[in-house]
Amino acid sequence: MRIPLSSPDITESEIHAVTDVLRTPRLSLGPKLEEFQNAVAEYTGAAHAIAVNSGTSGLHLCIRALRLGEGDEVIVPSFAFVAVANAVRYERAIPVFVDVDPETLNLDPAKVEAAITPRSRAILVVHTFGCPADLSSILSIAQRHGLLVIEDACEAIGAEYQGRKVGPLGDAGVFGFYPNKQITTGEGGMIVTQSAELAALARALRNQGRSESGEWLEHGEMGYNYRVSEINCALGIEQMKRLESILKKRDSVARGYHRRLSGNPELKLPPVDVPGRRISWFVYVVRLGAHFTQRQRDWIWKEMASCGIGCGRYFAPIHLQPIYASDPRHDLPNTEWSAGRTLALPFFNNLRESEIDEVCQTLQELMKAAPD
Ligand SMILES: Cc1ncc(COP(=O)(O)O)c(C=O)c1O
């Protein structure tokens, strides 16, 4: 694509930091892991950070370490990446899909409360596209009903809720570092928590369940290989140093889109200012107006691609995926309505003003030209 949907931003000094690791004898479980974990813990205000090899493995370890298991219900959004529900299913717990607020596309707290049953154990709240969810409502619902809260902050590093960084505000949280994210380690993720006990268990489970204090090769738990290499961590350390400046650049790209598109009544734009919240922009997702069909959205998406402009269709509802669709209980009108009309526009740190101009112009021309 001439203007891709996303584009990683890696500096020469970051490339040097990665190659320097390759000249050392420690390629895994070494000092870079510690340094990366410390950087994320300090930045987010978490007492503990545990680096893993993906956001998905981070979510899975949270479910496992919080002892969620067979028959336990975990409330999740359906308007989200499929890993959110899969991580619950890995432990034979049950994802209960709840609808989103049509403005922020985050879990609707009233609907969360309505979905609670005697089997509910946890709420997995996603900060969709980097916009913090209504955490005070979610946390107070959880407290009233004795539920655990896992923050899926894979799309939201640096986002703030009432002045505090998202991630460690519930029982555990997870960041993701896939290359389309605000910062990347190639592949990678990070669990954050204020609980020393949970952190120790997550560290053990990351490394085959090997106990930290016990004998060499003593396995107290059945764990996994969710370790992340020193090479990935070296990149993460350097990217963390630039995170604030990256977030400023992304905020300015989002505002650039907002300025150009806000006069168009056929488009619903993401909010750029939400009181009490700082958005950490992951992607910029517009929704086509009510009279556009999903078929027309797909036509625009394809035509944008043939003009060299990469767009995405985020998200396809999880509850409609073949692996989840057998449960007939779903009533998620906002999720289904939004999912059929989203278009994620090209979004990355160094997107130029002239490229934003071109994307906005092409999009609006194609909206006029879309066949019935
Ligand atoms: C909300 C959300 N959760 C989880 C994940 C999974 O992260 P990863 O791809 O690093 O496994 C992603 C990744 O894109 C995500 O957007």
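The coordinates are above.
The shown structure was predicted, so the numbers you read here are calculated from the model rather than taken from an experiment.

### Thoughts on the site of the ligand
- In the region of the ligand, the neighbouring residues are Ser54, Gly55, Thr56, Leu59, Phe81, Val126, Asp152, Cys154, Glu155, Lys181 and Gly188.
- Contact between the ligand and Glu155: an oxygen atom at 2.6 Å from a side-chain N or O atom of the residue.
- If the ligand stood free it would expose 390 Å²; the protein chains cover 92% of that surface.
- It is helix α3 (residues 55-65) that contributes the most residues to the shell around the ligand, three residues altogether.
- In terms of residue class, the shell around the ligand is built from four nonpolar, four polar and three charged.

### Regarding the sheet that holds strand β2 (residues 73-77)
- Strand order in this open sheet of seven strands is β1-β9-β8-β5-β4-β2-β3, and the pairing throughout is mixed. Of all the strands in the sheet, just β1 (48-52) and β3 (94-98) have a single pairing partner and so form its edges. Strand after strand, the sheet turns through a mean of 20 degrees between neighbouring axes, direction not considered.
- Inspection of the sheet shows β2 paired to strand β4 (residues 120-126) by three bridges, in the parallel sense. Note that in β4 the partner of Ile75 across the bridge is Ile123.
- Against the sheet, helix α2 (residues 31-44) contacts β1, β8 (172-176) and β9 (189-193), and its axis sits at roughly 130 degrees relative to β1.
- Sheet contacts for α3: β1, β4, β5 (148-152), β8 and β9; angle to β8, the most-contacted strand, approximately 170 degrees.

### Re the pattern of salt bridges
- Under the criterion given, the structure shown has 23 salt bridges.
- Glu73 is paired through a salt bridge with Arg119; the nearest N and O atoms lie 2.9 Å apart. Here Glu73, found in strand β2, pairs with Arg119, found in the loop between α5 (109-114) and β4; they are 46 residues apart in sequence, far enough to count as distant.
- Look at Glu73 and you get buried, because its relative accessible area is 2%.
- Between Glu160 and Arg278 there is a salt bridge whose closest N-O contact spans 3.5 Å. Residue Glu160 is located in strand β6 (residues 160-161), and its partner Arg278 is located in strand β11 (residues 277-278); the two are separated by 118 residues in the primary sequence.
- Judged by relative accessible area, Glu160 falls into the buried class, the value being 18%.
- Residues participating in the shared-partner salt-bridge network are Glu160, Lys165, Glu244 and Arg278.

### A few points about helix α1 (residues 12-22)
- Buried within α1 are the following residues: Glu14, Ala17, Val18 and Val21. For α1, the buried positions fall inside an angular range of 95 degrees around the axis, keeping them on one side. α1 presents Glu12 and Leu22 as exposed residues on the side facing more than 90 degrees away from its buried surface.
- Looking at the buried residues of α1, the elements they touch are α2 and α8 (230-241).

### A closer look at the environment of Thr104
- Its place among the elements puts Thr104 in the loop between β3 and α5.
- What makes Thr104 buried here is its relative accessible area of 16%.
- Note: C-alpha distance between Thr104 and Glu12 (92 residues apart in sequence) is 37 Å.
- Dropping the residues within four chain positions of it, Thr104 is found in contact with Thr128, Cys131 and Arg277.

### Describing unusual backbone geometry
- Note the cis peptide between Tyr314 and Phe315, where omega equals -10 degrees.
- Within the secondary structure, Phe315 is located in the loop between α10 (294-306) and α11 (333-339).
- Positive phi values are uncommon outside glycine, yet Gln208 reaches one of about 60 degrees.
- Structurally, Gln208 is set in the loop between α7 (196-206) and α8.

### Observations regarding the packing of aromatic side chains
- In total, this model carries 11 aromatic pairs according to the counting rule given.
- Judged by centre distance (5.7 Å) and plane angle (80 degrees), the ring pair of Phe79 and Phe315 falls under edge-to-face. Pair noted here: Phe79 is in the loop between β2 and α4 (83-90) and Phe315 is in the loop between α10 and α11, with a separation of 236 residues, a long-range link.
- The buried category is assigned to Phe79, whose relative accessible area is 0%.
- Here Phe315 falls in the buried class, since its relative accessible area comes to 9%.
- For the pair Phe97 and Tyr324, a centre-to-centre distance of 5.6 Å together with 85 degrees between the ring planes defines the contact as edge-to-face. One end of the pair, Phe97, is in strand β3; the other, Tyr324, is in the loop between α10 and α11, with 227 residues separating them in the sequence.

Calculation criteria
What you see as residue numbers is a count from 1 along each chain, following the sequence as written. Residue-level local features of this predicted model are given only where pLDDT is at least 70; pairs of side-chain atoms are given and counted only at 80 or more, and the full residue set underlies all totals for whole chains, interfaces and linings. Water and hydrogen atoms play no part in the side-chain values, which are based on all heavy atoms of the structure. A cutoff of 4 Å decides nearness: a residue is near a molecule or strand if any of its heavy atoms lies inside that distance of it. The definition of a polar contact used here is a pair of N or O atoms within 3.5 Å, where within protein one atom must be able to donate a hydrogen and the other to accept one, and adjacent residues in sequence count solely through side-chain atom pairs. Residue burial considers only the protein chains on display, and all accessible areas are found by Shrake-Rupley using a 1.4 Å probe. Secondary structure is summarised from DSSP: a helix means a run of H or I of at least four residues, a strand means a run of E of at least two, and numbering begins at the N terminus for each. Residues are grouped as follows: Ala, Val, Leu, Ile, Met, Phe, Trp, Tyr, Cys and Pro are nonpolar; Asp, Glu, Lys and Arg are charged; every other residue, Gly included, is polar. A pair of strands is considered paired only if DSSP assigns at least 2 bridges between the two. Lines fitted to C-alpha atoms define the axes here, with helix axes fitted over just the stretch in contact, and angles between the N-to-C directions of these axes take values from 0 to 180 degrees. A contact between two residues is defined here by any heavy atoms of the two lying within 4.5 Å. Whenever a carboxyl oxygen of Asp or Glu lies within 4 Å of a side-chain nitrogen of Lys or Arg, that contact is scored as a salt bridge. Per-residue accessibility, obtained with a 1.4 Å probe over protein chains only, is compared with the maximum for each type, and a residue is labelled buried under 20%, exposed over 50%, and partly exposed between these values. Arc, as used here, means the arc of the directions from the helix axis to the C-beta atoms. Pairs were defined over the aromatic rings of Phe, Tyr and Trp, the Trp ring being its six-membered one, requiring ring centres within 6.5 Å. Orientation was assigned from the angle between planes: stacked under 30 degrees, edge-to-face over 60, tilted for the rest.

Worth remembering: the numbers are spatial, not functional.
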